[in-house]
Amino acid sequence: MKSLLLTFFLFASLSSWSQSFYGSLSGGYQFGVGKQNMEHHSVSEFIDPNTPWPWEKVDLSLGQGVLTNGIIGYDLNQSYGLTLSGSYLFGAEFSSKTNNNLTVERKLSASMVRINPSFRMYVSQNKFRTYADIGFILGIGKINFNLKNSTDDATILEYSYVYDGGLSYGASARFGMEYQVSKRLRVFSDFQFISQAYAPTNGHLTKYIVNNQDNTSTLQQSQGSSEIVFVDAIQSDPSVSPSPNEPQIRAKHSCPFHSYGLNVGVKYILWNKEKAGTIIN
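The model shown is predicted, which means the values in this text are computed figures rather than measured ones. (Residues numbered from 1 in each chain as written. Predicted model: local features only at pLDDT ≥ 70, side-chain atom pairs only at ≥ 80, totals over all residues. Heavy atoms only, no water.)

## Here's the deal with the pairing of strand 7 (residues 102–123)
Look at any regular strand and the pattern is simple: side chains alternate between the two faces of the sheet.
In step 1: The pairing of strand 5 (residues 80–91) with strand 7 spans 11 bridges and is antiparallel. Directly across from G81, in strand 7, lies its bridge partner R120. (Pairing = 2+ DSSP bridges. Helix = DSSP H or I, 4+ residues; strand = E, 2+ residues; numbered from the N terminus.)

## Focus on the pairing of strand 14 (residues 227–231)
In step 1: Here strand 14 shows a clear split, with I228 and F230 buried on one side and none of E227, V229 and V231 buried on the other.
In step 2: Taken together, the three bridges between strand 12 (residues 202–210) and strand 14 define a ladder with antiparallel strand orientation. When the sheet's bridge partners are listed, H204 is paired in strand 14 with E227.
In step 3: As defined by bridge partners, strand 14 adjoins strand 15 (residues 248–251) across four bridges and the pair is classed as parallel. When the sheet's bridge partners are listed, V229 is paired in strand 15 with I249. (Buried < 20%, exposed > 50% of the residue type's maximum accessible area, 1.4 Å probe, protein only.)

## Describing unusual backbone geometry
In step 1: Despite not being glycine, N211 shows a phi value in the positive range, around 50°.
In step 2: Backbone geometry at N212 places phi at a positive 65°, although glycine is not the residue there.
In step 3: For N212, the location among the structural elements is in the loop between strand 12 and strand 13 (213–214).

## Side note on the side chain of N215
In step 1: Following the sequence through the fold, N215 ends up in the loop between strand 13 and helix 2 (216–219).
In step 2: Classification of N215 by relative accessible area gives buried; the value is 19%.

## Concerning a nonpolar patch on the surface
In step 1: A cluster of nonpolar residues, F21, L25, I72, F128, M177, Y179, V181, L185, V187, V266, Y268 and L270, forms a patch on the protein surface that exposes about 1,100 Å² of accessible area.
In step 2: When contributions to the nonpolar patch are tallied by element, the ones reaching two or more residues are strand 1 (19–32), strand 10 (168–180), strand 11 (185–198) and strand 17 (259–274).
In step 3: Per element, the largest residue contribution to the nonpolar patch is three residues, and it comes from strand 17.
In step 4: Position of L25 relative to the elements: it lies in strand 1. (Patch = residues over 30% accessible without salt bridge, like charges linked within 9 Å, V, L, I, M, F, W, Y side chains within 5 Å. Areas by Shrake-Rupley, 256 points an atom, 1.4 Å probe, with all protein chains shown as cover. Salt bridge = Lys/Arg side-chain N within 4 Å of Asp/Glu carboxyl O.)

Okay, here's the thing in structure tokens:
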């Protein structure tokens, strides 16, 4: 009996209040949080590890940058709704530099496509309406890594890799306010927090310059020189030389994409049903 009454009241709440289907576009800037240092990007491949190199300390989260959002949402009633957001991150570039007769600089940046389903709650029904939502994030990312070893007039060594592959999971929370401009149009602003990390599974060489000479195409002919596979654990045999026809195997590393920021945008009501079946097209 209790289940029947609960079902009845739930159905009544959905049918008695206005329901709507909408789309929105927004954009903003995300600031990094939960940062890590760049030190794990080693340069010992070509620099004597016994020589001290005073690297600049640069803490970063690759989730920092410009974020664009497109949302499709369905309000079940005036208090609750469901949203599906698609976003693209244009990540900021970070660099760390050291000098010891030569100048060595490392650069990191990232981009990511995200899908973000969430549950939304509204407060108030006046011109101004506040809301909060919490959701799950699924992302596909790409990390750009560049290292350059140079003097004032020559590039001794420079190489770039793109790290990609694999999926990233995370969570998001959003708190905002919207203002009703007309029956169809609303403008809004919200604060968004994203908790997310990404561990790429593959690496691809995109640039390789030695003594001002571009050797990229030559290196890309060999998988052992141009391809990387990141794995959870490495079991290496020092007595066996790596095969030039097989990708390099390296340990997987999780990069932070945690961020917070402010977004502004517009919301347009595509379909609306008010109370006792009045449909506005």
